[in-house]
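Summary of the model geometry
Chain by chain, the residues run as shown.
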2 protein chains.
Amino acid sequence: MVLEKINYPSDLKNLNIEEMNTLSDEMRDLIIKKVNSTGGHLGPNLGIIEATVALHYVFNSPVDKIIYDVSHQCYPHKILTGRKEGFTDSDKYHIYTGYTAPEESVHDIFKVGHTSTSVSLAVGAAKARDLKGETGNVIALIGDGSLSGGEAYEGFNNAAVLGSNIIIVVNDNDMSIAENQGGLYQNLKLLRDTQGKAESNFFKTLGFDYYYVGEGNNVEKLIETFKKVKDLNHPVVVHIHTVKGLGLAAAEQDKEAFHWILPHTLDKKEDVKSVFTESYESVTTDYILKKAEKDSSIIAISPATPGAYGFTREFRNKLGKQYTDVGIAEEHATAYASAMAKCGAKPILAILSSFVQRTYDQLSQDLCLNNSPASILVYWGALSSGDATHLGSFDIPLMSNIPNLVYLAPACKEEYLKMLDWSVEQNDYPVAIRVPFGQFVSTGVEDKTDYSQLNKYKVEEEGSEVAIIALGSFFKLGKEVREYMKDKLGINATLINPKFITGIDEKLLESLKDSHKLVITLEDGILDGGFGEKIARFYGNSDIKVLNFGGLKEFTDRVPLDELYQRYHLTKELITQDTAECLSLASVK
Amino acid sequence: MVLEKINYPSDLKNLNIEEMNTLSDEMRDLIIKKVNSTGGHLGPNLGIIEATVALHYVFNSPVDKIIYDVSHQCYPHKILTGRKEGFTDSDKYHIYTGYTAPEESVHDIFKVGHTSTSVSLAVGAAKARDLKGETGNVIALIGDGSLSGGEAYEGFNNAAVLGSNIIIVVNDNDMSIAENQGGLYQNLKLLRDTQGKAESNFFKTLGFDYYYVGEGNNVEKLIETFKKVKDLNHPVVVHIHTVKGLGLAAAEQDKEAFHWILPHTLDKKEDVKSVFTESYESVTTDYILKKAEKDSSIIAISPATPGAYGFTREFRNKLGKQYTDVGIAEEHATAYASAMAKCGAKPILAILSSFVQRTYDQLSQDLCLNNSPASILVYWGALSSGDATHLGSFDIPLMSNIPNLVYLAPACKEEYLKMLDWSVEQNDYPVAIRVPFGQFVSTGVEDKTDYSQLNKYKVEEEGSEVAIIALGSFFKLGKEVREYMKDKLGINATLINPKFITGIDEKLLESLKDSHKLVITLEDGILDGGFGEKIARFYGNSDIKVLNFGGLKEFTDRVPLDELYQRYHLTKELITQDTAECLSLASVK
């Protein structure tokens with residue numbers, strides 16, 4: 001095995017081409033085995049192996065800085081930079097993140113998990129080098145999917161006038177997460193078809209020196225070109241054409257399905273069909289399809305991650321012109337949806353909580369200031385055990401403090417569908433719905449609420465002394481707390497399903513003052529700037545006490561949910577204990 | 001006068017070219033007179049008069065939708081769409097906003113004040129038209145300065161594949177607010193130099209049909225081309241070369257100074273030099289210049305609005321390579337600064353509160369998740385009497401709920417400079433400083449605080465019963481309230497300058513419980529998700545009462561500050577009255 005001899009980039013320098021090809025094959029086998037075991041990004045990493053080997057052969061990391069975009073294609077880089085045990089030893093499969101992480105290695109310059117940032121970061125790294133009088137190459141490695149994001153363009157536009165060394169490697173595998181979207185991709189195709197020789201060249205229009213490598217999975221050809229651009233004193237784009245999923249037939253064929261896989265995907269027999277279970281994703285797509293058939297102005301919009309909300313190929317095909325994937329372009333997605341709603345169509349924009357961060361200004365200016373009646377579905381909004389780069393715990397502070405927005409938190413399927421239909425049919429407000437995360441809940445009881453009566457909370461159980469206001473997916477926890485509290489403290493608490501994140505039901509809150517001493521709030525996200533604090537503010541001038549439960553303001557990194565719930569006191573036992581303390585009751589029975 | 005006959009676009013249809021030229025001259029005179037009286041955007045409007053006349057002559061607004069970018073170039077459009085009295089009648093100079101506003105006219109499709117959104121909005125309007133089976137042209141009018149923003153590119157990329165009518169008019173006047181920045185502008189120059197004939201064409205690489213009008217202030221030539229592109233069934237770019245400030249010599253010469261002017265700028269004699277007065281802007285530029293001279297890794301960064309923070313041409317020239325204007329590209333600016341700080345340089349990014357909204361994700365991911373020790377100066381963060389599109393009241397909820405950030409609120413020059421120097425010299429945290437807005441305050445007493453002791457509030461006056469926590473520029477109000485309360489209620493309140501927006505001084509807040517019944521918070525921004533709510537949450541489980549004073553969650557539109565302060569009870573009298581009520585004291589003496 002060649003890999004046995006390789007621990008750090010310096011170990012690559014004496015290999016010949018044949019050895020590097022063998023090394024690439026060995027890395028490919030490792031990555032397939034590891035990712036099939038743990039799940040993770042497969043296709044992007046299989047496509048970039050040879051380029052990673054060639055980059056580390058030609059350049060001298062970390063003096064030369066290789067800066068990853070999204071960084072979900074960094075597995076080969078991790079193998080070559082002191083972390084191969086995370087791929088060779090199944091006991092250590094989980095010790096490294098799936099993204100670049102400076103705390104793991106000096107070869108990782110930034111912690112990156114969102115898209116389209118590498119060029120801007122590289123311009124900053126290069127400018128810092130220049131200001132400090134240092135030397136070395138700065139290399140940004142950006143995938144073609146990331147090119148649809150506006151920040152990438154801002155980076156290119158500024159990189160072009162840097163006036164010193166910066167090398168942008170464009171990894172063109174003709175695929176984003178799903179299909180690539182937008183005019184630029186026609187230019188990439190033209191450049192591929194002409195071996196980079198077409199006069200019409202996006203990168204050259206911005207002023208870049210341009211190199212093309214048609215065989216982007218050929219170590220020798222890559223090395224040849226990387227050597228040419230090394231140490232140049234001006235901005236360069238190296239456009240390499242790679243094959244996403246290379247070396248695994250299934251991944252080469254179905255690039256979208258193998259972009260990111262669940263554990264043991266490759267072990268499954270192909271003819272076993274998964275059993276259908278109803279989910280928030282399935283009821284959403286069912287709703288949209290039915291509605292779209294009757295109303296040609298209904299349109300579903302996705303910024304490049306359709307799989308995350310169950311927008312399957314079949315769903316997309318059925319919708320036809322009533323579906324737009326805008327690519328990784330959340331700003332455009334929000335403005336596009338806002339404009340459509342303002343002009344009388346009925347857009348439903350689906351977006352992940354972590355990525356809604358990428359479009360604050362459009363939410364504020366295009367959507368809310370224009371009071372445009374678009375519908376936004378926010379998925380994966382919850383405290384999570386995921387990577388620090390993809391947390392879903394910040395959307396409430398981010399969105400709920402923007403004027404005019406009606407942000408709703410359903411607690412079950414029936415509420416969710418009623419809210420969704422109300423949102424689509426009304427013309428008065430921008431509406432966002434926090435699609436519940438985790439367990440699917442169906443009460444079987446039709447929701448007949450009129451959501452045009454804004455900020456009307458629902459009292460689910462009448463009680464006294466303590467009131468529990470349990471938001472969205474934490475309504476279930478609220479019910480558990482109520483039962484436990486009754487049992488342990490003998491308190492018959494009032495249980496409230498607020499449904500509206502963006503407003504206060506003043507009348508109800510006022511009425512609680514009569515027979516309650518304490519109000520508890522539960523929310524599935526950070527507390528700072530969130531829902532509970534508004535309740536605390538409301539009761540500030542009264543004798544009612546308030547305890548807010550939710551996450552702390554922190555970036556958690558792959559912390560198991562149970563551990564987070566313990567840390568934040570988000571269990572029936574800890575909440576009941578805190579309640580007893582606050583009310584100076586005898587300790588819990 | 002031709003204008004006498006013109007009230008609506010339909011009145012234009014029977015004019016001949018000569019009359020339209022006369023009309024353009026009359027509009028030019030009106031705009032100069034009006035803007036010189038009220039202040040406002042001058043250069044952009046003088047440059048776009050002929051194109052506006054030609055657009056309204058060729059197209060049929062509002063069936064054909066003309067969508068403005070930024071919309072600070074909409075004055076000629078307002079004159080031609082039923083609102084000329086706002087320019088002819090000095091008593092009515094203030095009745096219309098300086099931006100497009102659907103509530104004023106059906107010819108204004110969206111309310112727009114931030115940049116780079118027109119193409120995305122136009123794609124949405126066009127798609128709504130197609131889904132509903134309607135007809136008509138959709139025209140986006142985007143200025144060259146707006147082309148540096150990523151959202152514009154996202155819009156172009158998606159517009160190119162719309163597959164139906166959309167016309168993007170690129171108003172190229174070779175100027176942003178200050179100079180244009182970035183690689184794209186070299187391509188625009190090439191296109192101008194070749195009368196649009198160069199093979200290397202940014203717009204064509206994205207797949208657009210492309211038209212060039214070299215004489216962008218020639219009504220006849222414009223009409224000729226607009227007629228050609230009208231009703232086309234595919235995406236088109238019309239690149240028009242106009243002269244910013246046309247018709248006013250001073251504005252043509254100094255395009256930056258005349259982009260936006262104060263009232264009566266044209267009346268001033270040129271040789272009268274304004275008297276120098278110290279300001280937060282002047283002490284900032286002084287600090288940066290001195291520091292930059294000693295340390296070559298200091299760099300000031302501006303996303304296209306240098307004038308707003310006093311980054312004059314002289315200041316920029318002195319800094320040379322230690323200054324970057326990235327263009328209107330806030331996302332890039334934040335990532336760029338983050339990367340530089342992480343790589344050992346000392347970036348100071350200046351940005352307006354309203355525009356910090358455009359870069360939430362980079363603040364979260366590139367800056368804070370990476371714990372990058374960059375310094376960010378947030379200007380104009382305050383409740384304001386400005387247009388709804390440019391409010392500075394949302395930055396505290398937006399920024400302060402992001403983990404790791406240290407967001408500071410100085411109350412005077414001395415604190416500000418100490419914080420700034422601490423921020424620049426430390427390597428542990430991303431730091432933002434909310435530069436005080438309004439009156440300049442200097443105590444003359446050196447601030448010796450060690451700001452590395454995070455979240456340590458300063459007790460300025462010891463007292464009892466009531467504690468006033470007065471943040472940043474509202475510290476002054478806090479002092480006034482204290483005096484007034486002593487006088488009227490006989491309460492000797494504790495006065496606290498919290499300085500840290502992002503954290504709670506738990507020890508101090510805990511200690512207040514002994515001898516205080518009520519804590520008052522004052523902040524110059526909206527309450528929702530802000531500073532005061534965190535204090536309310538802290539005291540939720542105690543007997544201390546809390547009253548939060550600040551703005552409501554709303555988009556206010558040119559409401560005088562006094563009126564806002566009354567509405568939000570932000571006066572010493574109203575705060576004292578609310579205090580008396582909360583404490584059930586006899587009414588104020």
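Calculation rules
Residues numbered from 1 in each chain as written. Chains lettered and ligands numbered in written order. Predicted model: local features only at pLDDT ≥ 70, side-chain atom pairs only at ≥ 80, totals over all residues. Helix = DSSP H or I, 4+ residues; strand = E, 2+ residues; numbered from the N terminus. Rg over C-alpha atoms; globule rule 2.2 N^0.38 Å. Buried ≥ 20, exposed ≤ 12 C-beta atoms within 10 Å, placed from the backbone. Contact = placed C-beta atoms within 7 Å. Domains from an automatic or database assignment. Nonpolar A, V, L, I, M, F, W, Y, C, P; charged D, E, K, R; others polar. Core = buried A, V, L, I, M, F, W, Y, C linked by C-beta atoms within 7 Å. Least-squares fit on C-alpha atoms with pLDDT ≥ 70 in both.

**Structural notes on the overall build of chain A**
- If you tally the helices and strands in chain A, you get 23 helices and 18 strands.
- Scaling as 2.2 N^0.38, a compact globule of 589 residues should have a C-alpha radius of gyration of about 25 Å, and chain A matches this with 26 Å.
- Sorting the 589 residues of chain A into buried and exposed places 59% on the buried side.
- Taking all contacts inside chain A whose residues are at least 6 apart in sequence as the whole, residues at least 24 apart take part in 78%.

**Observations regarding the domain arrangement of chain A**
Residues and elements named next belong to chain A.
- Partitioning chain A into domains gives domain 1 (3-245), domain 2 (280-434) and domain 3 (458-582).
- Just the C-alpha atoms count here: the centres of domain 2 and domain 3 sit 27 Å apart.
- Contacts between domain 2 and domain 3 engage 24 residues on the former and 26 residues on the latter.
- Counting residues per element, the ones that place at least two in the side of domain 2 that touches domain 3 are α17 (395-400) and β12 (406-408).
- The dominant element in the side of domain 2 that touches domain 3, judged by the number of residues it contributes, is α17, at 4 residues.
- In terms of residue class, the side of domain 2 that touches domain 3 is built from 14 nonpolar, 6 polar and 4 charged.

**A few points about the nonpolar core**
- The biggest cluster of nonpolar side chains holds 362 residues, and the ones touching the most others in it are A:Ile67, A:Ile168, A:Ile468, B:Ile67, B:Ala122, B:Ile168 and B:Ile468.
- If sequence neighbours within four positions are ignored, A:Ile67 has contacts with A:Ile109, A:Phe110, A:Ser118, A:Leu121, A:Ala122, A:Ala125, A:Val138, A:Ile139, A:Ala140 and A:Leu141.

**So, the relation of the copies chain A and chain B**
- Expressed as a screw operation, the relation of chain A to chain B combines 0.0 Å of axial shift with a rotation of 180°, fitting to an RMSD of 0.0 Å. Put plainly, the chains are arranged around a two-fold axis.

**Considering the interface of chain A and chain B**
- Taken together, the 92 residues of chain A in the interface contact 92 residues of chain B.
- If one sorts the elements of the side of chain A that touches chain B by residue count, helix α14 (residues 330-342) of chain A sits on top with 9 residues.
- Its residues placed into classes, the side of chain A that touches chain B shows 36 nonpolar, 37 polar and 19 charged.

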